[in-house]
Number of protein chains: 2
Amino acid sequence: MPKRADLSDTFCPVGRSAELLGDRAVLLILRDLFFGRRRFEAIAVNTGLGPQLVSARLKLLESEGVVERHAYQERPQRHEYRLTDKGKDLFGVLYAMRGWAERWAYEDGETGGGPAMRYIHRACGTDVGTALVCPGCGAALGYGDLKGEPSPALKAEQAARSG
Amino acid sequence: MPKRADLSDTFCPVGRSAELLGDRAVLLILRDLFFGRRRFEAIAVNTGLGPQLVSARLKLLESEGVVERHAYQERPQRHEYRLTDKGKDLFGVLYAMRGWAERWAYEDGETGGGPAMRYIHRACGTDVGTALVCPGCGAALGYGDLKGEPSPALKAEQAARSG
DNA sequence: CACAGTAACTATGATAATCATAGTGACAAG
DNA sequence: CTTGTCACTATGATTATCATAGTTACTGTG
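None of these values were measured; they are calculated from a predicted model.

Asks: It is not clear to me how the pairing of strand S2 (residues 78-83) of chain A should be interpreted in this structure. Could you clarify?
Replies: Moving residue by residue along a regular strand, the side chains alternate between the two faces of the sheet. All names here are of chain A. Relative to S2, strand S1 (residues 67-73) is paired through six bridges, and the arrangement is antiparallel. Note that in S2 the partner of His-70 across the bridge is Glu-80. Here S1 hands over to S2 after four residues, the two strands then running antiparallel side by side.

Asks: It is not clear to me how the packing of helix H2 (residues 24-34) of chain B against helix H3 (residues 40-47) of chain B should be interpreted in this structure. Could you clarify?
Replies: What describes two packed helices is the angle between their axes and the distance between those same axes. Residues and elements named next belong to chain B. Contact geometry for H2 and H3: axes closest at 10 Å, N-to-C directions at 120 degrees. Here H2 is positioned oblique relative to H3, judged by the angle of their axes. Like other packed secondary-structure pairs, H2 and H3 cross with a definite hand, here right-handed. Between H2 and H3, the contacting residues are Leu-28, Ile-29, Arg-31, Asp-32 and Leu-33 on the first element and Ala-42, Ile-43, Asn-46 and Thr-47 on the second. For the contact of H2 with H3, a count of residues per class yields five nonpolar, two polar and two charged.

Asks: What exactly am I supposed to notice about the interface of chain B and chain A here?
Replies: It is common to give the size of an interface as the accessible area that goes away when the parts come together. Listed as interface residues are 83 residues of chain B and, on the opposing side, 83 residues of chain A. Across the chain B to chain A interface the summed buried area is about 7800 Å²; carbon plus sulfur atoms make up 67%. Among the residues chain B hides against chain A, the three largest losses belong to Arg-24, Trp-100 and Tyr-143 of chain B. Together they make up 11% of the total. Where chain B touches chain A, the interface holds six salt bridges. Note that Arg-24 of chain A and Glu-19 of chain B form a salt bridge whose closest N and O atoms lie 3.3 Å from each other. Run the count over chain B and chain A and you get 32 residue pairs in polar contact (both at pLDDT 80 or more). Elements with a minimum of two residues in the side of chain B that touches chain A: helix H1 (13-21), H2, H3, helix H5 (85-88), helix H6 (91-104), strand S3 (117-121), strand S4 (146-150) and helix H7 (152-162) of chain B. Looking at the side of chain B that touches chain A residue by residue, the classes come out as 47 nonpolar, 15 polar and 21 charged.

Asks: Whenever I open this one, the packing of aromatic side chains confuses me. Can you help?
Replies: Aromatic rings in a pair are described by how distant their centres are and how their planes are angled relative to each other. For the structure on display, the rule yields 12 aromatic pairs over all chains. Relative to Tyr-143 of chain B, the ring of Phe-34 of chain A has its centre 4.8 Å away and its plane inclined at 75 degrees; by these criteria the two rings are edge-to-face. Taken together, the residues span two chains, with Phe-34 of chain A in helix H2 (residues 24-34) and Tyr-143 of chain B in the loop between S3 and S4. Residue class for Tyr-143 of chain B comes out partly exposed when judged on its relative accessible area of 35%. An aromatic cluster of three or more residues is present, and its members are Phe-34, Phe-91, Tyr-95 and Tyr-119 of chain A together with Tyr-143 of chain B. Stacked on the ring of Tyr-72 of chain A, the Lys or Arg Arg-39 of chain A has its end atom at 4.0 Å from the ring centre.

Asks: Sorry, what's going on with the confidence of the model for chain A here?
Replies: Keep in mind that low pLDDT regions are not for reading the predicted coordinates in detail. Overall, the prediction assigns chain A a mean pLDDT of 90, with 94% of residues at 70 or greater. When mean pLDDT is compared element by element in chain A, helix H5 (residues 85-88) of chain A scores highest at 97, while helix H7 (residues 152-162) of chain A scores lowest at 86.

Asks: Hey, could you run me through the relation of the copies chain B and chain A in this one?
Replies: Copies of the same chain, two in number, are related to each other by a rotation about an axis and a translation along it. Least-squares fitting of chain B to chain A yields an RMSD of 0.0 Å, with the transformation described by 0.0 Å of translation along the axis and a rotation of 180 degrees. Interpreted geometrically, this transformation is the action of a two-fold axis. Both copies contact each other with a shared surface, as 100% of the interface residues of chain B are interface residues in chain A too.

Asks: In this structure, what is going on with the pattern of salt bridges? I would like to understand it.
Replies: Pairing of side chains with opposite charge becomes possible as their charged atoms draw close. All names here are of chain A. What the rule picks out here adds up to 21 salt bridges over all chains. Between Glu-80 and Arg-38 there is a salt bridge, and its shortest N-O distance comes to 3.7 Å. Of this pair, Glu-80 sits in strand S2 while Arg-38 sits in the loop between H2 and helix H3 (40-47), placing them 42 residues apart in sequence. For Glu-80, a relative accessible area of 9% gives the class buried.

Asks: Please explain H2 of chain B as it appears in this structure.
Replies: One turn of an α-helix holds 3.6 residues; hence residues three or four places apart share an orientation. All names here are of chain B. For H2, the buried fraction is high: 11 of the 11 residues fall into the buried class. Along H2, the residues that are buried comprise Arg-24, Ala-25, Val-26, Leu-27, Leu-28, Ile-29, Leu-30, Arg-31, Asp-32, Leu-33 and Phe-34. Near the N-terminus of H2, the side chain that reaches the backbone nitrogen of Ala-25, with its oxygen 2.9 Å away, is that of Asp-23. Once H2 finishes, Gly-36 follows within two positions and takes phi at roughly 105 degrees, a positive value.

About the criteria used
- Residues numbered from 1 in each chain as written.
- Chains lettered and ligands numbered in written order.
- Predicted model: local features only at pLDDT ≥ 70, side-chain atom pairs only at ≥ 80, totals over all residues.
- Heavy atoms only, no water.
- Pairing = 2+ DSSP bridges.
- Helix = DSSP H or I, 4+ residues; strand = E, 2+ residues; numbered from the N terminus.
- Axes fitted to C-alpha atoms, helices over the stretch in contact; angles between N-to-C directions.
- Parallel < 35°, antiparallel > 145°, perpendicular 65-115°, else oblique.
- Left-handed = near helix turned anticlockwise from the far one by under 90°.
- Contact = heavy atoms within 4.5 Å.
- Nonpolar A, V, L, I, M, F, W, Y, C, P; charged D, E, K, R; others polar.
- Buried area = accessible area lost by both parts, 1.4 Å probe.
- Salt bridge = Lys/Arg side-chain N within 4 Å of Asp/Glu carboxyl O.
- Polar contact = N/O pair within 3.5 Å; in protein donor to acceptor, adjacent residues only side chain to side chain.
- Phe/Tyr/Trp six-rings, centres within 6.5 Å; stacked < 30°, edge-to-face > 60°.
- Buried < 20%, exposed > 50% of the residue type's maximum accessible area, 1.4 Å probe, protein only.
- Lys NZ or Arg CZ within 6 Å of the ring centre and 35° of its normal.
- pLDDT = per-residue confidence, 0-100.
- Least-squares fit on C-alpha atoms with pLDDT ≥ 70 in both.

Structure, rendered in structure tokens:
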């Protein structure tokens, strides 16, 4: 790709995330990290990405503070990659991607009846399903149920672009 | 880019979503559509993407059933793009991206105190904040609070790759 | 001690996507 | 009949990605 416009200075939070997450390789690597794969080779094999891409993206994720490179043995030097708190907090995004795909990306019967990935809340035992719920009343949330209010800075930025 | 490996036949739901969502331009266009921008020019200007890219991605989104092209006047022919139900259901993903960015992507004070984007649940008036909550008990969910169980098909697929 | 094996990469060249810029077609307004 | 708007398409330079092969630094086997 050519030099793309930088999104890290936009006031839009989706834009800021998109800078990092709007990349197939990043998403697949994060998925594997959440799945417990920490080694370079394991990630490269499971994602099907070439080692050069995996290397580049892990460096990017490290520079963004999303993963940490950690030596798990000295001789020979071997490293593994671990999600930082900032990285672990991306779970919500992958979780939402999973939810959407479960609802829309499979043919009937393709998964053998159930979801491709089931999640149980350890604390209460609930199968969390795929819905997004309101922290106030517990109802399912969709686009249209929420009223969005951009901050003054974000509003100004958008107005500047269209003017 | 070269011909990338196709992810649409993996059993992993994150992989299936990543095929579409692992793209900066797609994410930015979706953001604008959720924001109410429906016109080609408005999207191109606000995202900063070139018309060629916007055109290509809108065609892709249309072919995936995420947006619909709709004529809003006849003479001259003018079109707008609307999210389908499948498209509107992607809201959860952008919502999660926003949540993460609000928590991690801004310097202190950069937003002037509040979040860059505030969401209120119309039905109950709650400011939903940025957390992901359990539909069973209402507690905040993070990575580690959930126990994931892949379906047999997904497990088999991953085993095949590493074997 | 030679040789295969493993982990974590780096190097190379072909291919393809992206960007910036300019241009097109259809019409409306002045 | 020139300018303006909207929704694009065309062109060429730049750069990212892929597939494949190679490198470094060891360990374990015979």
